[in-house]
Amino acid sequence: MEFEKLQQIIADVLSVDVDEIKPETTFRDDLGADSLDVFQIIMGLEEEFSIQIPTEEAEKIVTVGDAADAIAKAVK
């Protein structure tokens, strides 16, 4: 499932426990990610799902749920 893959990518990049990653979790406040971390996560998502997330869309990603929505939108 997409969300498990998303959780694993985030956990790998940020070295956090998968159980900490929920749809409402914010990258910066909850996980301590900086802009480079978020960029790495987006790159990982694009590679894993063979998608392209436009820059303007990527800039709107604040929560894990936002990232899941971006994946769903790009996969269509």
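Residues numbered from 1 in each chain as written. Predicted model: local features only at pLDDT ≥ 70, side-chain atom pairs only at ≥ 80, totals over all residues. Heavy atoms only, no water.

The name given to the chain in an unreviewed UniProt entry is Acyl carrier protein, and the organism recorded there is Porcincola intestinalis. Note on the chain: under the UniProt heading Pathway (unreviewed entry), the record states "Lipid metabolism; fatty acid biosynthesis." Quoted verbatim from the Subcellular location (unreviewed entry) field of UniProt, the annotation for the chain is "Cytoplasm". (UniProt positions renumbered as here; feature names shortened; annotations may be inferred.)

Caption draft 1: Molecular detail of a nonpolar patch on the surface. There is a patch of nonpolar side chains on the surface, built from L36, F39 and M43 and spanning about 320 Å² of accessible area. Structurally, F39 can be placed in helix α2 (residues 35-49). Given the relative accessible area of 48%, F39 is considered partly exposed. (Patch = residues over 30% accessible without salt bridge, like charges linked within 9 Å, V, L, I, M, F, W, Y side chains within 5 Å. Areas by Shrake-Rupley, 256 points an atom, 1.4 Å probe, with all protein chains shown as cover. Salt bridge = Lys/Arg side-chain N within 4 Å of Asp/Glu carboxyl O. Helix = DSSP H or I, 4+ residues; strand = E, 2+ residues; numbered from the N terminus. Buried < 20%, exposed > 50% of the residue type's maximum accessible area, 1.4 Å probe, protein only.)

Caption draft 2: Seen up close, the nonpolar core. Core analysis: the largest hydrophobic core is formed by 24 residues, its most contacted members being L6, I10, L14, F27, I41, L45 and V64. Counting residues per element, the ones that place at least two in this core are α1 (2-14), α2 and α4 (64-75). Here this core takes six residues from α1, the largest share from any one element. Leave out the neighbours within four places in its chain, and L6 touches L45, V64, A67, A68 and I71. (Core = buried A, V, L, I, M, F, W, Y, C linked by side-chain atoms within 4.5 Å. Contact = heavy atoms within 4.5 Å.)

Caption draft 3: Region of the structure containing the layout of surface pockets. The space that makes up the largest pocket amounts to roughly 200 Å³. Every element with two or more residues in the lining of the largest pocket is listed here: α2 and α3 (55-58). When the residues that make up the lining of the largest pocket are grouped by side-chain class, the tally is seven nonpolar, two polar and three charged. (1 Å grid on protein atoms, 1.4 Å probe; cavity = no way out; pocket = protein on both sides within 12 Å on 5 of 7 lines; lining within 4 Å. Points joined across faces, edges and corners; volume = space filled by probe spheres on them. Nonpolar A, V, L, I, M, F, W, Y, C, P; charged D, E, K, R; others polar.)

Caption draft 4: Region of interest: the environment of Q52. Relative to the elements of secondary structure, Q52 occurs in the loop between α2 and α3. In this structure Q52 comes out as exposed when scored by relative accessible area, which is 61%. Along the backbone, Q52 and V75 are 23 residues apart, and their C-alpha atoms lie at a distance of 8.8 Å.

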